[in-house]
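Here are the chains, one letter per residue:
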Amino acid sequence: MTEQWRRAPVGSAALKDLVEKLAESLHRSVALVDPSVGRVCSSRHFDDADRARVHVLLQGRPSGDVARHVLAQGVTRWTKPGYVEGRDDLGLLPRYCVPLRERGRLLGLLAVVVPDGSLPPEAVGAIARATPAIVGQLSADHESADPERTREKRLLLSLLGADPAARTDARQQLLDGALLPDAPHAVVCSVQVARSRMPPGQLATALRGTLEDVLRSRSVRGAFAVESNRAVLLRLADRPWAPEALREQSARLVAALGAELDASADPVVGIGGQQRGLAEAWTSHEQALVAVRAARRMPGLEGVGSWDDLGEFAVLLQLPDHALNESLLPKPLRALLESDCGSRLEETLRCFLDHAGSVARTTEELRIHRTSLYYRLRRIQEITGLDLDNGADRFALHLGLRVRELLVSLGAFDDGRYRRPAAAPGGGLVDRSRGAA
């Protein structure tokens with residue numbers, strides 16, 4: 001028996017609940033055992049308990065003869081479910097046995113007591129539907145029971161945390177234990193999965209498996225930590241990354257998670273800025289947390305947000321969703337939006353401010369004559385009561401337009417007029433390249 005299985009705990013409450021629910025749906029006794037046939041957890045009886053099952057419940061393990069009989073049928077090599085033959089002399093009824101594998105690695109065996117030697121198709125289907133969640137939770141249980149992995153996770157989270165002393169201590173421990181190399185360049189990605197119908201253990205296992213695949217790539221060095229429905233990925237390198245390469249890798253990560261999870265999971269990735277090695281990685285982590293909010297809110301980003309691309313949105317995105325409402329819009333800007341020519345004047349104002357007040361560049365982009373531009377700017381000043389030659393007034397209007405883009409993304413505007421957005425955490429921001437709707 002390996003060290004891993006010696007330290008494996010009896011199943012967590014979440015795992016026991018999954019096994020119990022399956023047993024209830026089948027009205028049959030169900031047990032989950034490790035690859036050496038040691039008990040992990042069991043359901044209650046359904047009048048089908050044999051002598052072998054009672055022995056396991058009392059002793060924690062089957063008798064030597066029962067274990068040898070089961071293992072002799074090659075169950076640890078099975079790649080699909082099958083039936084384990086019963087033995088009257090051992091007090092063992094037949095079992096329907098499902099090998100529980102994660103990416104090919106055998107985690108355990110799910111055994112359903114089958115007194116008559118077979119299961120109806122509907123029962124086989126119910127077991128197949130329940131298996132992914134059980135595998136995910138079993139994997140999560142073993143991950144949490146591994147002291148080495150738990151320590152590495154704790155050190156990585158401390159390295160990226162808010163406490164300077166804890167960061168310094170974690171960095172030293174990571175280096176002293178050769179758990180992570182230092183490098184001139186570090187970037188952190190925040191990975192987030194929406195709360196979905198999938199059990200937390202299954203979500204965490206999918207995240208962990210996908211990130212392990214990322215780190216197996218020759219082009220990526222670093223470490224990751226998974227917490228329920230989110231994860232952080234620290235990348236280290238001797239040379240700076242091309243921003244396009246980081247976005248492409250993150251897009252592949254989103255696609256891989258999307259293929260493993262159900263549609264409600266909606267995975268997104270936020271990329272922090274590139275910083276100097278382990279000592280400054282925490283800064284990239286803070287930036288990645290903002291970027292992942294952008295990825296969640298901005299449909300145009302297609303699930304991948306980058307701190308370096310956010311510009312002034314980096315500040316606005318740190319506001320909580322409930323604070324993004326009409327009160328943030330300057331009153332003069334609201335007056336402009338509600339005027340008869342609000343849409344055209346808004347476009348003119350946005351273009352004028354984006355070009356730092358350059359008349360030549362504004363007229364060129366809008367394809368209008370200077371006289372028309374001066375007329376529109378005058379109308380804007382009349383409606384708003386602000387002076388476009390005044391730096392503070394221009395800043396207030398420009399910031400207001402950026403806030404409006406966020407509100408548009410949350411469905412807060414309709415036909416140019418403000419309406420309160422529905423509370424939807426998955427809302428997104430319009431693509432900045434297209435401007436406000």
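Our subject is the structure that appears above.
Read on for an overview of the structure. Remember, predicted model here, so these are calculated numbers, not experimental data.

## Considerations on the overall build of the protein
Counting secondary structure elements, the protein contains 17 helices and 12 strands. A globule of 437 residues ought to have a C-alpha radius of gyration of about 22 Å, yet the protein, at 29 Å, is considerably larger. For the C-alpha atoms alone, the extent of the protein along its principal axes is close to 100 × 50 × 30 Å. Among the 437 residues that make up the protein, the fraction classed as buried is 49%. Contacts spanning at least 24 positions in sequence make up 61% of the contacts within the protein whose residues lie at least 6 apart. Roughly 21,300 Å² of accessible area belongs to the protein as shown, and the carbon and sulfur atoms make up 51% of that amount. Charge separation in the protein, taken as the distance between the mean sites of 58 positive and 56 negative side-chain charges, equals 1 Å.

## With respect to the layout of surface pockets
Space inside the largest pocket adds up to approximately 510 Å³. Contributing to the lining of the largest pocket are 22 residues, with Glu143, Arg149, Lys153, Phe224 and Ala225 lying nearest its centre. Breaking the lining of the largest pocket down by element, the ones donating at least two residues are α5 (121-145), α6 (147-159), α8 (200-215) and β7 (221-227). With seven residues, β7 is the single largest residue contributor to the lining of the largest pocket. The residue makeup of the lining of the largest pocket, split by class, is 11 nonpolar, four polar and seven charged.

## Describing the sheet that holds strand β2 (residues 39-42)
The pairing of strands in a sheet comes from backbone hydrogen bonds and takes either a parallel or an antiparallel form. Sheet architecture is open: five strands sit in the order β2-β1-β5-β4-β3, paired in antiparallel fashion. For this open sheet the edge positions go to β2 and β3 (82-84), each flanked by a neighbour on one side alone. Geometrically, the sheet is characterised by an average inter-axis angle of 30° between neighbouring strands, direction not taken into account. Examined bridge by bridge, strand β1 (residues 30-33) and strand β5 (residues 105-113) share four bridges and lie antiparallel to one another. In the sheet register, Leu32 faces β5, and the bridge partner there is Leu110. The sheet strands contacting helix α3 (residues 51-59) are β1, β2 and β4 (95-102), and the helix crosses β2 at an angle near 110°.

Thresholds, definitions, all that
- Residues numbered from 1 in each chain as written.
- Predicted model: local features only at pLDDT ≥ 70, side-chain atom pairs only at ≥ 80, totals over all residues.
- Heavy atoms only, no water.
- Helix = DSSP H or I, 4+ residues; strand = E, 2+ residues; numbered from the N terminus.
- Rg over C-alpha atoms; globule rule 2.2 N^0.38 Å.
- Buried < 20%, exposed > 50% of the residue type's maximum accessible area, 1.4 Å probe, protein only.
- Contact = heavy atoms within 4.5 Å.
- Areas by Shrake-Rupley, 256 points an atom, 1.4 Å probe, with all protein chains shown as cover.
- Lys, Arg positive; Asp, Glu negative; His and termini not counted.
- Charge placed at Lys NZ, Arg CZ, Asp CG, Glu CD.
- 1 Å grid on protein atoms, 1.4 Å probe; cavity = no way out; pocket = protein on both sides within 12 Å on 5 of 7 lines; lining within 4 Å.
- Points joined across faces, edges and corners; volume = space filled by probe spheres on them.
- Nonpolar A, V, L, I, M, F, W, Y, C, P; charged D, E, K, R; others polar.
- Pairing = 2+ DSSP bridges.
- Axes fitted to C-alpha atoms, helices over the stretch in contact; angles between N-to-C directions.

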